[in-house]
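Spelled out from the first residue to the last, the chains are:
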Amino acid sequence: MGEAEGPEEPGGLEGAGRAGWADVPDRWDEAVLATLFAQSGVGLVVLDPQLRLVRANAHFEGVATREYIGSRFTDVFRLDDPEGSEELLKQVLAGRGPVRDHLVSGRLRTIPGDRQFQVSAYRLDAPGGDPDAPGGDPDAPGGDGPDAPGQGHHGAEAPALGLVTTVVDVTDRERTRARETALTAVRDTVGGSLDTAVTCRALIDALVPGFADLAAVEVVDDVLRGVDPPVGPLPPDTPLCRAASGRCDTPGDKPQSQSQPDPDPDPDPDPVPDPREDRPRPAAVTRRLPLRTPFALTAADLRPRLVPLTPGTPWLDADAHAAHAVAESGAHSLIVVPLSLRGAVLGLVSLYRCGAAEPFDEDDVTLAVAAATRAALAIDNARRFEREHVIASTVQRRLLPQAAREQAAVETAHVLLPGRDSGCWYDTIALAGARTALVVGRVEGEGLQTAIVMGQLRTVIQALADLDLEPEEVLARLKETADRLAEERDSLPPADVLQREPLSAGCLYGVYDPFARTCTVARAGHPAPIVVGPDGRAVPFDVPEGPGLFSDDSALFAPAVATLDVGSLLAFCTADLLTGDRAAERIAETLSRPGRTLRQAGDDVVYALPADTRAGGAALLLARTGTVSDHKVATWDLSQERRAPATARALVRDRLQEWGLDEDTVEASQLIVSELVTNAVRYGTPPLRLRVLLDSTLTCEVHDGSPASPHLRHARTVDEGGRGLFIVSRLASHWGARHGPDGKVLWTEQDLPGGASERTAARQPE
């Protein structure tokens with residue numbers, strides 16, 4: 001009795017109740033289907049094997065769908081790619097597995113504009129077998145696996161009743177995702193450069209074609225040169241320059257979202273390149289904003305504008321430029337956003353949508369404002385950097401020679417390439433005895449401080465050149481000055497940014513002597529000169545490399561001497577001009593072409609630079625060697641005796657009168673020569689030589705074999721001697737002494753009355 005009296009099943013299913021349990025699943029299926037089709041939050045569509053609607057709910061369009069029954073799925077949703085969508089659905093019918101969350105584009109009858117749908121499709125199998133396992137065991141032989149698609153669990157092929165699909169309108173979600181993608185691209189790419197053009201190009205590439213079909217960035221012209229932007233409103237006559245623009249070659253196309261791969265892919269052997277790649281960039285266009293246009297209004301109140309465009313838009317008559325762009329591109333929607341920062345106007349961003357693309361809405365305006373704000377900050381940073389570069393370049397040019405300097409026996413020309421580097425310099429310095437010092441150098445770095453260091457080094461080297469030192473001595477003393485500058489920078493407070501910027505510089509210094517026809521060169525961390533003979537052949541000139549000016553290396557500088565034929569060409573250039581393979585040979589070949597001026601030769605060197613040459617600053621100094629005309633120089637060998645001063649005075653008077661110089665200059669020169677020769681006779685050693693040279697100044701040189709240099713003294717009233725060099729210093733504009741392996745030379749220079757040297761040269765025979 002205990003087993004019979006066990007607990008009964010709830011609901012009295014034992015007996016008659018249990019017999020009715022088999023009917024419950026059918027009632028549940030009907031209830032579930034009815035509830036899904038009536039209350040589901042997604043669109044449900046049942047298709048027959050011909051992909052025609054059998055049943056659908058009204059969620060996807062919000063109206064009764066009875067009239068759609070019997071229509072093809074692709075026609076109901078007006079899909080942009082009906083063939084591709086049908087092929088995908090047929091693959092599901094063939095048993096190749098369901099499709100989940102596939103994105104398609106189409107349109108609805110009651111909702112205007114393009115829509116994005118997320119479609120999932122599942123095969124409906126015919127009755128047979130266990131409804132809980134319609135596909136069978138995919139791993140069992142003969143099962144519904146990859147090797148036997150479309151078969152039931154009994155191994156026989158089961159016919160498909162059709163498809164059940166879910167359709168979700170994800171237009172807003174996809175638009176939001178597209179906006180987020182565009183804004184992320186702006187954040188990732190805009191602001192990584194301190195070049196305004198690069199910044200504007202990055203903004204265009206981030207917005208086209210994902211967000212807009214056509215875009216243009218216009219920047220206030222003065223901002224491109226580093227000038228402070230004007231405070232809004234922008235004056236009507238302010239010029240704006242188009243810094244960047246871009247367009248999509250197929251307006252209205254949207255990037256394809258990720259979906260399941262094509263089961264039977266057909267790769268294209270010749271893929272179409274990205275339309276943004278290798279596209280010619282339009283030349284910069286400068287314009288003034290026409291009045292009573294969205295562009296002028298946005299620049300005036302610094303508020304964005306969302307403007308629909310139609311052929312009859314009235315303001316297009318006032319802006320021929322915009323009217324042409326709209327007509328050519330088929331644009332129908334425009335957003336104009338100001339590039340503004342702290343109330344100042346830097347420019348405008350114009351975004352267009354064309355063709356079948358959806359018009360912009362207010363959410364798009366919000367994104368455009370965010371993108372323009374980031375771009376404005378990046379452009380302002382680039383403007384500040386550009387202003388510093390402009391100031392540094394201005395300082396650099398003010399510290400360089402301001403006019404061409406005529407040299408006695410050397411023809412020179414230079415080329416200074418602009419760039420971010422502001423530390424390149426060149427110089428030609430006239431030395432006594434018709435000699436010329438040629439200098440090229442470079443301080444590594446950018447900005448104002450680099451230009452200042454360059455100016456300091458150039459000033460020092462000019463002062464050292466006036467001391468008539470040998471090239472290796474000039475560089476040795478220049479390095480000592482550079483070491484002191486480095487110590488001063490190291491002593492700056494740690495918070496000073498200069499304290500963390502290392503100094504590096506190089507210099508090439510050479511002296512050409514037209515009488516000996518020699519060029520003596522030394523270099524400090526700088527490329528050696530390139531020499532081309534008058535016959536067009538390269539002349540080997542191996543100059544030992546010395547340490548850089550700011551390096552810790554204490555090695556000595558070693559000079560190199562080359563004897564050059566008249567008409568030889570020397571090229572002193574910075575390292576940026578020696579880029580690429582066979583750089584020195586390329587420059588030598590360029591300079592060897594006959595029949596050109598030095599300036600033309602320098603330009604040809606620049607034209608021959610490789611296309612990938614760094615856009616930094618560079619300097620090139622060219623010099624063509626010459627000689628001094630025999631009619632402008634006189635040299636005499638004198639005997640080491642007491643009568644030598646009187647002989648020197650007579651020789652000088654005769655030659656200066658022959659040159660047609662005035663009597664005051666002749667008498668002053670006689671006194672100078674008398675004192676120098678007397679000093680050489682008393683304190684020097686043979687040989688004794690006198691030379692006078694007429695150029696823009698009158699130079700007197702006295703050579704003797706003694707290395708001892710005289711010193712200027714200020715004699716007292718009762719002293720009988722010590723007044724010779726004092727008298728010389730008062731009569732000459734410059735004087736000095738230079739030493740060589742065979743003794744020393746005392747020299748003086750006298751300024752001539754205006755035009756004296758030209759009149760003298762005109763009287764000389766050819």
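Residues numbered from 1 in each chain as written. Predicted model: local features only at pLDDT ≥ 70, side-chain atom pairs only at ≥ 80, totals over all residues. Heavy atoms only, no water.

(A) Geometry of the nonpolar core. Grouped together as the largest cluster of nonpolar side chains are 57 residues, with contacts concentrated most on L203, F295, L339, L351 and Y352. At nine residues, helix 10 (residues 362-399) tops the list of elements feeding residues into this core. If we ignore the near neighbours within four places in the chain, the residues touching L351 are L207, F211, A212, L214, A215, S333, L334, I335, F360 and A368. One finds C424, V511, C519 and L570 within the second-largest nonpolar core, a separate group that totals 51 residues. (Core = buried A, V, L, I, M, F, W, Y, C linked by side-chain atoms within 4.5 Å. Buried < 20%, exposed > 50% of the residue type's maximum accessible area, 1.4 Å probe, protein only. Helix = DSSP H or I, 4+ residues; strand = E, 2+ residues; numbered from the N terminus. Contact = heavy atoms within 4.5 Å.)

(B) Representation of the sheet that holds strand 3 (residues 99-107). Here we have five strands laid out as an open sheet, ordered 2-1-5-4-3, and antiparallel in their pairing. At either margin of the open sheet sits one strand with a lone partner, and together these are strand 2 (53-56) and strand 3. Taken over all neighbouring pairs, the strand axes of this sheet differ in orientation by 30° on average, direction set aside. (Pairing = 2+ DSSP bridges. Axes fitted to C-alpha atoms, helices over the stretch in contact; angles between N-to-C directions.)

(C) Region of the structure containing the sheet that holds strand 8 (residues 286-288). A sheet is described by the order of its strands in space; here six strands give the open sequence 8-7-6-11-10-9, paired in antiparallel fashion. Only two strands of the sheet have a single partner each, and these edge strands are strand 8 and strand 9 (305-308). Across the sheet, the mean angle separating the axes of adjacent strands is 25° when strand polarity is ignored. Alignment of strand 6 (residues 214-220) against strand 11 (residues 344-354), held across six bridges, turns out to be antiparallel. Bridge pairing in strand 11 places L214 opposite Y352. Sitting on the sheet, helix 6 (residues 196-207) is in contact with strand 6, strand 7 (239-247) and strand 11, with an inclination near 40° to strand 7.

(D) Layout of the layout of surface pockets. Taken as a whole, the second largest pocket holds about 670 Å³ of empty space. Lining the second largest pocket are 26 residues, and of these R435, D513, R738, D742 and V745 lie nearest its centre. At the level of elements, strand 15 (505-513), strand 16 (518-524), strand 24 (688-694), strand 25 (697-704), strand 26 (734-740) and strand 27 (743-751) are the ones that each hand at least two residues to the lining of the second largest pocket. (1 Å grid on protein atoms, 1.4 Å probe; cavity = no way out; pocket = protein on both sides within 12 Å on 5 of 7 lines; lining within 4 Å. Points joined across faces, edges and corners; volume = space filled by probe spheres on them.)

(E) Focus on the side chain of D704. Relative to the elements of secondary structure, D704 occurs in strand 25. Relative accessible area serves as the criterion here: at 2%, D704 is assigned to the buried category. Engagement of the side chain of D704 in a polar contact is seen with the backbone nitrogen of S706, the distance being 2.8 Å. Only 2.9 Å separates the side chain of D704 from the side chain of K744, close enough to count as a polar contact. Not counting the four nearest positions on each side in its chain, D704 is found in contact with A680, G684, T685, P687, L688, D742, G743 and K744. (Polar contact = N/O pair within 3.5 Å; in protein donor to acceptor, adjacent residues only side chain to side chain.)

(F) Geometry of empty space enclosed by the protein. Taken as a whole and judged by the stated rule, the model has one cavity of 30 Å³ or more. Taken as a whole, the largest cavity spans an internal volume of roughly 80 Å³. As for the largest cavity, its lining consists of F73, L79, S85, L88, L89, V92, V99, H102, V104, V119, S120 and A121. Mapped by element, the contributors of at least two residues to the lining of the largest cavity are helix 4 (82-93), strand 3 and strand 4 (114-125).

(G) Main features of the environment of F550. Mapping F550 onto the fold places it in the loop between strand 19 (545-546) and strand 20 (560-563). Separated by 67 residues in the primary sequence, F550 and D483 place their C-alpha atoms 6.0 Å from one another. Here F550 is in contact with V453, L457, A482, L485, A486, L503, S504 and A505, once residues within four sequence places are set aside.

(H) Representation of the pattern of salt bridges in the model. Scanning the model with the defined rule gives 38 salt bridges in all. Linking D221 and R225 is a salt bridge whose minimum nitrogen-to-oxygen distance equals 3.1 Å. Judged by relative accessible area, D221 falls into the buried class, the value being 17%. Using a relative accessible area of 44% as the deciding quantity, one classes R225 as partly exposed. Salt bridges linked by common partners bring D228, R342, D380, R383, R384 and R387 together as one network. (Salt bridge = Lys/Arg side-chain N within 4 Å of Asp/Glu carboxyl O.)

(I) Expanded view of the packing of helix 5 (residues 171-189) against helix 10. Remark: helix 5 packs on helix 10, axes separated minimally by 10 Å, with the N-to-C direction vectors making an angle of 5°. Regarding the angle of helix 5 to helix 10, the classification is roughly parallel. Residue-level inspection shows R179, A182, L183, V186 and R187 of helix 5 in contact with helix 10, the latter providing D363, D364, L367, A370, A371 and R374. Of the residues contributing to the contact of helix 5 with helix 10, the split by class is six nonpolar, no polar and five charged. (Parallel < 35°, antiparallel > 145°, perpendicular 65-115°, else oblique. Nonpolar A, V, L, I, M, F, W, Y, C, P; charged D, E, K, R; others polar.)

(J) Seen up close, helix 9 (residues 320-329). Those residues of helix 9 lying buried are A322, A325, V326 and S329. One face of helix 9 carries all of its buried residues, which in axial projection span an arc of 95°. Projecting away from the buried face of helix 9 at angles above 90 degrees are the exposed residues A320, H324, A327 and E328. Buried residues along helix 9 sit in contact with strand 6, strand 7, helix 8 (294-301), strand 10 (331-341) and strand 11. One or two residues past the end of helix 9 sits G330, with phi positive at roughly 70°. (Arc of directions from axis to C-beta.)

(K) Layout of the packing of helix 13 (residues 583-591) against helix 14 (residues 598-607). Where helix 13 contacts helix 14, the two axes come as close as 9 Å, and the packing angle between them is 145°. Crossing angle aside, the handedness with which helix 13 passes helix 14 is right-handed. Contacts from I587, T590 and L591 of helix 13 reach helix 14 at A601, D604 and V605. Residue composition of the contact of helix 13 with helix 14, by class: four nonpolar, one polar and one charged. (Left-handed = near helix turned anticlockwise from the far one by under 90°.)

Structural measurements only, silent on function.
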